[in-house]
Amino acid sequence: MRGEGSYGKRRILCVFPRYSPSFGTFEYAYPLTDGVRAFMPPQGLLVIAAYMPADWQVRFIDENMRSATDSDFEWADAVFVSGMHIQRRQMNDICRRAHAFDLPVALGGPSVSACPDYYPAFDYLHIGELGDATDELIARLAQDTARPEQQVVLRTKDRVEMAKFPLPAYELAQIDRYFLGSIQYSSGCPYQCEFCDIPGLYGRNPRLKTPEQVVAELDKLLACGLSGSVYFVDDNFIGNRKAALELLPHLVAWQKRTGFRLRLSCEATLNIAKRPEILSLMREAYFITIFCGIETPDPDALRAISKDHNMMVPIMDAVKTLNDYGMEVVSGIILGLDTDTPETGKHLLEFIEQSQIPLLTINLLQALPKTPLWDRLAREGRLIEDDEERDSNVKFRLPYEHVVTSWRNCMKNAYRPEKLYERFQHQVEHTFPNRLQVPASARVFSWRDVKRGLKMLARITWKVGVVGDYKRVFWKFAISRLIRGDIEVLIATSLISHHLIAFSRAASGGLQNASNYSTRLREAVTVAE
């Protein structure tokens, strides 16, 4: 946070836009929890909130929990907004509401940094990361909070080193009401997958926080009430392997100091399977889940999308290696690639059966700005923009309806309750025993953690095990977990499974978007109580 005295006094309202219901935000699981209302705290906006001058008052609202009210806007001198492409309509709606109170509105984050032309109504556009553009925005608002006569575009040229980032302002958020905690220690990725916008936005040379910063953030998350799990939101946890090796011993020491209160997860390229020195330390640090962008099991398709690094180890061998270190694999999958055939959906279901990966985020290909895919499809005349009847902006090689039907069929069959619970049972037998076995004397449970677990177990038992329509499948899995006293696994598996089953049913019935990046509007899907 910047020093006092030279910036006057301002009241800044930071508003994070609502997400549309999607596969990856797990909203169908929330009614089974002890009051979860949103997925993960938004790192970017909370860092900006922490960077404000010390004399400025900051109020943070995540509209996934509650909407900003008239009184919030009346309180503010200016409004800050951030978000991704999928939240474009919601961001513009926040701007409209703020303008009704004649407030200046500044927009930052990945969407506006890639596509500033999407947001003509905002007063200030902050392009790029925390840096000199942020300082200029603060200086302008310190001088005058009236709306400028025309839009002001501020571009970061000199970025703040991540080692100098403030701790995110977690204290402003309801951390105990998020499904997962989030933390970031690096930005950027060395690879150039055709469909990914990370290198274009954040560069190929990952920039880093210090291990001490990461540990301090974890301490702050615990102090703000987080329990359960923390997800490292880095684009690639091993983007800088040397840095990962330097960080992990600090995480191991932190877990021992705090009593293994939090389970850790991250995202990494599949070639992490070639790094036993990293995997062994991740196991010791209590990493239990790793998201890998497998995208497709087809080697020709991987080469076509510049994802050759997924073939450094055979995919099935890589998955088994990660399982051998106690880490459950979550996979990203893309349908609609140029190399897809009419049999691709069938082959995907076979891959799911063979790999025994429980959770796969299956998406239609979507071209994002600032990607090689966008540039190539633009040259080929295969970009379809502003067609709200489609779930993708790509003109596929296969007929559009065939690709969408294939997606729905894959969602329907992959997440049949009996199939999903069979895959989780495989994890129970072949992956979870390989996790770090923390002695009961080393683990710390607060009374709040115990009450939280009992409350969730009671809700799961009633809503899934008593009145649910797949209760026989549930009890077949649950009884053995209860006999063994493995309550954590039972709760976590039940929450995830319930969301996947409910979402896939809506998806196969045409009630959900086939791409997490699609801005296609659908009628709101009411989450079952």
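Cut-offs used in this document
Residues numbered from 1 in each chain as written. Predicted model: local features only at pLDDT ≥ 70, side-chain atom pairs only at ≥ 80, totals over all residues. Heavy atoms only, no water. Helix = DSSP H or I, 4+ residues; strand = E, 2+ residues; numbered from the N terminus. Polar contact = N/O pair within 3.5 Å; in protein donor to acceptor, adjacent residues only side chain to side chain. Contact = heavy atoms within 4.5 Å. Axes fitted to C-alpha atoms, helices over the stretch in contact; angles between N-to-C directions. Parallel < 35°, antiparallel > 145°, perpendicular 65-115°, else oblique. Left-handed = near helix turned anticlockwise from the far one by under 90°. Nonpolar A, V, L, I, M, F, W, Y, C, P; charged D, E, K, R; others polar. Pairing = 2+ DSSP bridges. Salt bridge = Lys/Arg side-chain N within 4 Å of Asp/Glu carboxyl O. Buried < 20%, exposed > 50% of the residue type's maximum accessible area, 1.4 Å probe, protein only. Expected span 1.5 Å × (residues − 1).

### Thoughts on the side chain of aspartate 34
Logical step 1: Positionally, aspartate 34 belongs in the loop between strand 1 (11–16) and helix 1 (43–51).
Logical step 2: At 3.4 Å, the side chain of aspartate 34 and the side chain of arginine 452 are in polar contact.
Logical step 3: Beyond its immediate stretch of four places on either side in the chain, aspartate 34 contacts Arg177, Arg452, Lys455, Met456 and Arg459.

### Focus on the packing of helix 7 (residues 211–223) against helix 8 (residues 241–258)
Each pair of packed helices gets described by two things: the angle between the helix axes and the distance between those axes.
Logical step 1: Interaxial distance between helix 7 and helix 8 falls to 9 Å at its minimum, and their mutual angle equals 30°. The orientation of helix 7 relative to helix 8 falls into the category roughly parallel. In the packing of helix 7 onto helix 8, the handedness of the crossing is right-handed. Packed against helix 7, whose contacting residues are Pro211, Glu212, Val214, Val215, Leu218, Asp219 and Leu222, the element helix 8 presents Glu246, Leu247, His250, Leu251, Trp254, Arg257 and Thr258 at the interface.
Logical step 2: Partitioning the contact of helix 7 with helix 8 into residue classes produces eight nonpolar, two polar and four charged.

### Here we look at the sheet that holds strand 7 (residues 181–183)
Logical step 1: Taken together, six strands build an open sheet; the order of strands is 7-10-11-12-13-14 and the sheet is parallel. Looking at which strands have only one partner, the edges of the open sheet turn out to be strand 7 and strand 14 (359–364). Neighbouring strand axes in the sheet, compared pairwise and without regard to direction, differ in orientation by 20° on average.
Logical step 2: Looking at chain direction, strand 11 (residues 262–267) and strand 12 (residues 287–295) are connected through four bridges and run parallel. For cysteine 266, the partnering residue across the bridge sits in strand 12 and is isoleucine 290.
Logical step 3: Together, strand 7, strand 10 (228–232) and strand 11 form the strand contacts of helix 7, whose direction differs from that of strand 7 by roughly 160°.

### With respect to the packing of helix 16 (residues 447–466) against helix 18 (residues 487–508)
Logical step 1: Direction vectors running N to C along helix 16 and helix 18 enclose 50°, while the axes themselves pass 10 Å from each other. Here helix 16 is positioned oblique relative to helix 18, judged by the angle of their axes. Handedness of the crossing formed by helix 16 with helix 18: left-handed. Side by side, helix 16 and helix 18 meet where Gly453, Met456, Leu457, Ile460 and Val464 of the first sit next to Ile487, Leu490, Ile491, Ser494, Leu495 and His498 of the second.
Logical step 2: Considering only residue class, the contact of helix 16 with helix 18 consists of eight nonpolar, three polar and no charged.

### Some thoughts on the pattern of salt bridges
Logical step 1: Taken as a whole, this structure holds 35 salt bridges when the rule is applied.
Logical step 2: One salt bridge connects arginine 96 with aspartate 93, and the closest N-O pair in it is separated by 2.6 Å. Of this pair, arginine 96 and aspartate 93 both sit in helix 3 (residues 88–99), separated by three residues, roughly a single helical turn.
Logical step 3: Under the relative-accessibility criterion, arginine 96 is labelled exposed at 52%.
Logical step 4: Here aspartate 93 falls in the partly exposed class, since its relative accessible area comes to 29%.

### As for unusual backbone geometry
Logical step 1: In this model, aspartate 102 sits at a positive phi of 60°, which is unusual for a non-glycine residue.
Logical step 2: Along the chain, the position of aspartate 102 falls in the loop between helix 3 and strand 4 (105–108).
Logical step 3: Of note in this structure, lysine 370 is not a glycine but carries a positive phi near 70°.
Logical step 4: Counting through the fold element by element, lysine 370 comes out in the loop between strand 14 and helix 13 (372–380).
Logical step 5: Judged by relative accessible area, lysine 370 falls into the partly exposed class, the value being 45%.

### Brief notes about the environment of valine 464
Logical step 1: By the secondary structure assignment, valine 464 is in helix 16.
Logical step 2: Valine 464 sits 337 residues away from isoleucine 127 along the chain, and the two C-alpha atoms are 46 Å apart.
Logical step 3: In this structure, valine 464 is in contact with Leu32, Arg459, Tyr470, Lys471, Phe474 and His498, ignoring residues within four places of it in sequence.

### Examining helix 17 (residues 471–483)
Residues separated by three or four positions in an α-helix point in the same direction, a consequence of the helix having 3.6 residues per turn.
Logical step 1: For helix 17, spanning 13 residues, the distance from its first C-alpha to its last is 18 Å, which sits close to the expected 18 Å at 1.5 Å a residue.
Logical step 2: All buried positions along helix 17 are accounted for by Phe474, Phe477, Ala478, Ser480 and Arg481.
Logical step 3: At its buried positions, helix 17 is contacted by helix 15 (417–430), helix 16 and helix 18.
Logical step 4: Phi turns positive one or two residues past the end of helix 17, at glycine 485, with a value near 70°.

Any link to function would need more than the numbers given here.
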